[in-house]
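Okay, here's what each chain looks like letter by letter:
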Amino acid sequence: KVQGAYQAFWGFYNGQMKRIKLKRKEDLVSLANDFSAQLRLKEVPKLTKQMVGKMGLKGVNGLVLLSREEEAEVRGRRQGGQGGQGGRGRQG
């Protein structure tokens, strides 16, 4: 998905800020938003609060975040109706 490319952009360039001579996280937000336009997205993809926190972007202006309802919907899709089986398989 194209939105996955946007998240991959964040994952890579957040760790490369010194190398590409970006001093402020807001500058990276601007660059990421330009990237989303180049991907021909109609709107900037929204990020989860968890992703923003893990990447040290909390409080950075210009980020577009998922609402609580949207985050709950995303979590529901990821679980895929598995019913909380735990993932370790049968033991014994």
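Residues numbered from 1 in each chain as written. Predicted model: local features only at pLDDT ≥ 70, side-chain atom pairs only at ≥ 80, totals over all residues. Heavy atoms only, no water.

Visitor: Mind showing me how you'd approach the environment of asparagine 61 here?
Guide: Locating asparagine 61 in the fold gives a position in the loop between helix H3 (49-54) and helix H4 (68-79). Between the C-alpha atoms of asparagine 61 and lysine 25, which are 36 residues apart in sequence, the distance is 8.5 Å. (Helix = DSSP H or I, 4+ residues; strand = E, 2+ residues; numbered from the N terminus.)

Visitor: What am I meant to see in the nonpolar core here?
Guide: In this structure, Trp10, Leu28, Leu47, Leu57 and Leu63 are the most contacted members of the largest nonpolar core, which totals 15 residues. Within the residue set of this core, elements represented by two or more residues are helix H1 (2-14), helix H2 (25-38) and H3. Not counting chain neighbours up to four residues away, the residues in contact with leucine 63 comprise Trp10, Val29, Leu47, Val52 and Leu57. (Core = buried A, V, L, I, M, F, W, Y, C linked by side-chain atoms within 4.5 Å. Buried < 20%, exposed > 50% of the residue type's maximum accessible area, 1.4 Å probe, protein only. Contact = heavy atoms within 4.5 Å.)

Visitor: Teacher, can you tell me more about the pattern of salt bridges here?
Guide: Side chains that differ in sign of charge can pair as their charged atoms come close. Enumeration over the complete set of coordinates arrives at 3 salt bridges. Linking arginine 24 and glutamate 26 is a salt bridge whose minimum nitrogen-to-oxygen distance equals 4.0 Å. For arginine 24, a relative accessible area of 46% translates into the label partly exposed. For glutamate 26, a relative accessible area of 26% translates into the label partly exposed. If you follow the salt bridges from partner to partner, you end up with Arg24, Glu26 and Asp27 in one network. (Salt bridge = Lys/Arg side-chain N within 4 Å of Asp/Glu carboxyl O.)

Visitor: Teacher, can you tell me more about the packing of H1 against H2 here?
Guide: In a pair of packed helices, the angle between the axes and the distance between the axes together describe the arrangement. Packing of H1 against H2 brings their axes to within 10 Å, and their N-to-C directions diverge by 150°. With respect to each other, H1 and H2 are oriented roughly antiparallel. Of the two possible hands of crossing, H1 and H2 adopt the one that is right-handed. Between H1 and H2, the contacting residues are Ala5, Tyr6, Phe9, Trp10, Tyr13 and Asn14 on the first element and Lys25, Leu28, Val29, Leu31, Ala32, Asn33, Phe35 and Ser36 on the second. (Axes fitted to C-alpha atoms, helices over the stretch in contact; angles between N-to-C directions. Parallel < 35°, antiparallel > 145°, perpendicular 65-115°, else oblique. Left-handed = near helix turned anticlockwise from the far one by under 90°.)

Visitor: Even after reading the chapter, I still don't get unusual backbone geometry, so can you show me in this structure?
Guide: As a rule of thumb, non-glycine residues mostly have phi less than zero, and peptide bonds are mostly trans rather than cis. The phi angle at lysine 21 is positive, at roughly 65°, despite the residue not being glycine. You can see lysine 21 is positioned in the loop between H1 and H2. Of note, the phi angle at arginine 40 is positive, near 65°, even though the residue is not glycine. Residue placement: arginine 40 occurs in the loop between H2 and H3.

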